[in-house]
Each structure stands twice: as structure tokens, then as C-alpha cells.
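# Structural overview for review
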Amino acid sequence: MGTIATRMAFGQELIEIAKTNPDFVVCNADTKTCGLEKFGKLFPEREFSFGIAEQNLVGASAGLAACGNKVFLATFAVFASMRACEQVRTFVCYPNLNVTIIGTHAGLQVGGDGATHAAIEDVAIMRSFPNMTVVQPADAVAARALAHAAVDFTGPLYVRLHRNPVADLYNPDTYRFEWGKASTVVDYGTDMTMIVSGILLKKAVDAAAALKEQGIRVRVLDMATIKPLDREAVLKAAAETGAIMTIEDHTVFGGLGSAVSEVVVQSCPVPMEIVGIQDRFGESGDPELLYRDHGMDTETIIARAKALTEKKN
């Protein structure tokens, strides 16, 4: 089982890709985000550092992209989505430029970095912008695969990554990333479906296994691409299992749960539960304790899943 953060896996893989692919540049904000602060030492003509000035970082990245460059910029998700919100919207998304925004240190997993640095609203902000694609890997294997896909991607892209190491769920020999496609991680039956994006996928898989022992058969989907959402997979899950639970390390307002419910309510209404951060800010502390306090731990997921299947029946 791997034990590396998705942010480091993505950044390290991008550096490896750069050794044989000269067709992209990196812009940094002088923060230790995903290992790309080392990019300039290896490729000094392809890296630009702007210090702690994220609005300038995004504006200059847009300028480089407007001149025909493929640009990756890296900073904390909270700064990319809020401090530089206008620049992302107006200078990257509106002209539809080829800029990949790497937002790291997302969600409650930030833990010790504190409430102000825990990006819990970033998906809601980014998915509201026209032309923006939003994606979030579940482990290091998926993050590495995503790095390759991102290099070949054209247009505004937001890659959401987490701070701390997580166990790998996927096999690097068999995992394939597909834009806008959910992947079925486990399929024990048709009592309900859990749709997950990001590192909480492991908790959903563990919950599904425990529920199976209790006679509740759960399907688990990894919705790595949050926008554009895999509507077909959502509607198939709604029709075949009759109940959906979404799970995300993000506020329940405007994120994965909102995206899935928008599809469900319009086309195939079924009982739903949205597991995520309620109307609260993040906090300092051990991430696992924060997940427990916010009702996002495996035990609470199991309890809410059982209640959802009862509601369905």
C-alpha cells in the first residue's frame, strides 16, 4: 500500500514527465505545495516564481498561456479559489486559456494548518465558472495518472489535491484515468450507491465492506471528475440502486453532493444523503478526529447508509 500524499505524487510525476516533454511551464507561489518548488532547479527556463502573490501568479500564468504555452500553476487551494478568484474567472476561464491550477491542502485533512488554510469551498467556486474542468484523485496512483492526462489536456483545469499521505486503493498496472467518467470501485449489489470524490474513497470502501456483512449491498463509484459530471453513471446508479449517498471532504454546499443532486432531482429522484462538511469552517486538529466530529468517519458513514436504505424501503 502506498503512503504518499496525492499532491506529492502529482508534483513528482509532473517533474518526471518534464524530463522528456518540454512543452509546458510551471508557475509557483513560493510555497511548498506539491514538490514543484524544485522544478526551477531542473528546468530553470521553464519555471517562474511570483512569491506570495497569488493574483499575480494567476494573471501571469494567463499571460503565458495567451502566448501559446501550456501552464501549470501551484498554490494552496484556499488561495487559488478565493484570493485569486477574480483572476481565475476573468483571465483564465473567460478566455478559455490552457492553464492547469493545482490546488493543494484541500479539505479537513489540512488539520494542523488551521481553519483559514482549509479549503472547503473551492470545488463550489471552481465548478461555477464556465469552461472550467474540476478533478480530484483518490490516491497517489490516480494522481500520477492524472498528471499525464493533465499534460495532454487543453483548457482551464482545476486539480484538487490533499496534504497528507493516504493508502493507495488502485493498482498502478491496471488503473486508467478517463475524463468525465466515474469508475466502479466495488459493486456488492443494488441496495444503494456511494458516490465519492477524493481521498474519502477509502472510508467508503471500508464502509461498504462492513455494510455487506450486515446484509446491505452497496455500490461505490469514484467520481474523480466532478465537472463535467458523469451524468450517465449517476442516473444508472439512481435507477438500479434507488438511493445515493455522496461523500466528499468539502462543504455540502456546491460540491460533489450538489452536482449529483442536481442530476438526480431533474431526471431520477431517489432518496439521497450528502456526507461532507456542514455549515461550519474547518478547524485545527488531527484530521481523523475532525472527520469524526464532522460525521465523515467510517462509522458514521455506515450509520447514515443504514438509515438511507431504511428510508428507501
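Here, every reference points to the structure presented above.
In this report, the structure presented in the accompanying data block is examined. It should be emphasised that the depicted structure is a prediction, and the values quoted were computed from it without experimental measurement.

## Overview of the sheet that holds strand S9 (residues 183–187)
- The mixed open sheet is built from five strands, whose spatial order is S9-S11-S10-S13-S14. At either margin of the open sheet sits one strand with a lone partner, and together these are S9 and strand S14 (272–277). Taken pair by pair, the neighbouring strands of this sheet meet at an average axis angle of 20°, ignoring direction.
- Note: S9 against strand S11 (residues 218–222), four bridges, orientation antiparallel. Its bridge partner being in S11, Thr184 is matched across the sheet by Leu221.

## Regarding the packing of helix H8 (residues 201–213) against helix H12 (residues 298–312)
- Here H8 crosses H12 at 55°, and the two axes come no closer than 9 Å. With respect to each other, H8 and H12 are oriented oblique. Of the two elements, H8 crosses H12, and the hand of that crossing is right-handed. In contact with Lys203, Asp206, Ala207, Ala210 and Leu211 of H8, H12 contributes Thr298, Ile301, Ile302, Ala305 and Lys306.
- Here the residues of the contact of H8 with H12 sort into six nonpolar, one polar and three charged.

## So, the packing of helix H3 (residues 54–66) against helix H5 (residues 85–93)
- Their axes nearest at 9 Å, the elements H3 and H5 cross at an angle of 5°. As summarised for this structure, H3 and H5 are arranged roughly parallel, according to the angle between their axes. Contacts between H3 and H5 involve Gln55, Val58, Gly59 and Ala62 on the former and, on the latter, Gln87, Val88, Phe91 and Val92.
- Within the contact of H3 with H5, the residues separate by chemical class into five nonpolar, three polar and no charged.

## Things to note about the pattern of salt bridges
- Under the defined criterion, the tally for this structure stands at 14 salt bridges.
- Salt-bridge contacts for Glu16 lead to Lys19; the nearest nitrogen and oxygen are separated by 2.9 Å.
- Ionic contacts of the salt-bridge type, sharing partners, join the residues Asp187, Arg219, Lys236 and Glu240 into one network.

## Description of the layout of surface pockets
- Approximately 200 Å³ is the volume found for the largest pocket.
- Lining of the largest pocket is provided by 16 residues; of these, Val166, Ile199, Lys202, Lys203 and Glu288 occupy positions nearest its centre.
- Partitioned by chemical class, the residues of the lining of the largest pocket number ten nonpolar, two polar and four charged.
- The volume enclosed by the second largest pocket comes to roughly 150 Å³.
- Counting residues per element, the ones that place at least two in the lining of the second largest pocket are S9, S11 and helix H9 (231–241).
- For the lining of the second largest pocket, the element with the most residues is H9, which contributes four residues.
- Among the residues forming the lining of the second largest pocket, the class breakdown is four nonpolar, two polar and six charged.

## Looking at the sheet that holds strand S7 (residues 157–160)
- Spatially, the seven strands line up as an open sheet ordered S3-S2-S4-S5-S7-S6-S12, and their pairing is mixed. Strands at the two margins of the open sheet, each flanked by one partner only, are strand S3 (47–49) and strand S12 (225–227). Adjacent strand axes in the sheet meet at a mean angle of 20° when their direction is disregarded.
- Pairing between strand S6 (residues 133–135) and S12: two bridges, direction antiparallel.

## Points about the pairing of strand S5 (residues 99–104)
- For S5, the buried fraction is high: six of the six residues fall into the buried class.
- Because side chains alternate across S5, one face comprises the buried residues Val99, Ile101 and Gly103, and the other comprises Thr100, Ile102 and Thr104, equally buried.
- Two strands pair when backbone bridges link them, and strand S4 (residues 71–76) and S5 are joined in this way by six bridges, in the parallel orientation. The residue of S5 that forms the bridge with Leu73 is Ile101.
- With four bridges joining them, S5 and S7 adopt parallel strand pairing. If you follow Ile101 over to S7, its bridge partner there is Tyr158.

## Some details on the packing of aromatic side chains
- Taken as a whole and assessed by the stated rule, the structure comprises seven aromatic pairs.
- Ring centres of Phe24 and Phe39 lie 6.1 Å apart, and the angle between their planes is 40°; on these two criteria the pair is classed as tilted. Residue Phe24 is found in the loop between helix H1 (6–18) and strand S2 (25–28), and its partner Phe39 is found in helix H2 (residues 39–42); the two are separated by 15 residues along the sequence. Accessibility classification places Phe24 together with Phe39 in one group, the buried group.
- Note on Phe76 and Phe79: the rings are 5.8 Å apart at their centroids and 10° apart in plane angle, and the pair reads as stacked.
- Of the aromatic side chains, those joined through ring pairs into one cluster are Phe24, Phe39, Phe43 and Phe72.

Rules behind the numbers
Residue positions within a chain follow its written sequence, with the count starting from 1. Residues qualify for local features only when their pLDDT is at least 70, as the model is predicted, and side-chain atom pairs are given and counted only at 80 or more; totals for whole chains, interfaces and linings, by contrast, use all residues. To get the side-chain values, all heavy atoms of the structure are used, and hydrogens and water are removed first. Pairing between two strands requires that DSSP report at least two bridges joining them. Strands are runs of DSSP state E lasting at least 2 residues, helices are runs of H or I lasting at least 4, and numbering of each runs from the N terminus. For every element, the axis is a line fit to its C-alpha atoms; helices are fit only across the contacting stretch, and the angle between N-to-C directions ranges from 0 to 180 degrees. Here the word oblique covers every angle except those under 35 degrees (roughly parallel), over 145 (roughly antiparallel) and from 65 to 115 (roughly perpendicular). Each crossing gets its hand from how the near helix is turned against the far one by less than a right angle, where anticlockwise is left-handed and clockwise is right-handed. Note on contacts: a residue pair is in contact if any heavy atoms of the two residues lie within 4.5 Å. Gly falls in the polar group here, along with every residue not listed as nonpolar (Ala, Val, Leu, Ile, Met, Phe, Trp, Tyr, Cys, Pro) or charged (Asp, Glu, Lys, Arg). A carboxyl oxygen of Asp or Glu within 4 Å of a side-chain nitrogen of Lys or Arg is what we treat as a salt bridge. Using protein atoms alone on a 1 Å grid, points that fit a 1.4 Å probe yet trap it form a cavity, whereas open point sets bounded by protein on both sides within 12 Å along at least five of seven lines form a pocket; residues with an atom within 4 Å of a point count as lining. Grid points are joined across faces, edges and corners, and a volume is the space filled by probe spheres set on the points. Burial status follows relative accessibility: with a 1.4 Å probe on protein chains alone, a residue under 20% of its type maximum counts as buried, one over 50% as exposed, and anything between as partly exposed. A pair of aromatic rings is counted whenever rings of Phe, Tyr or Trp (Trp by its six-membered ring) have centres within 6.5 Å, and the orientation is called stacked for planes under 30 degrees apart, edge-to-face for over 60 and tilted otherwise.

This is a description of form; function is not addressed.
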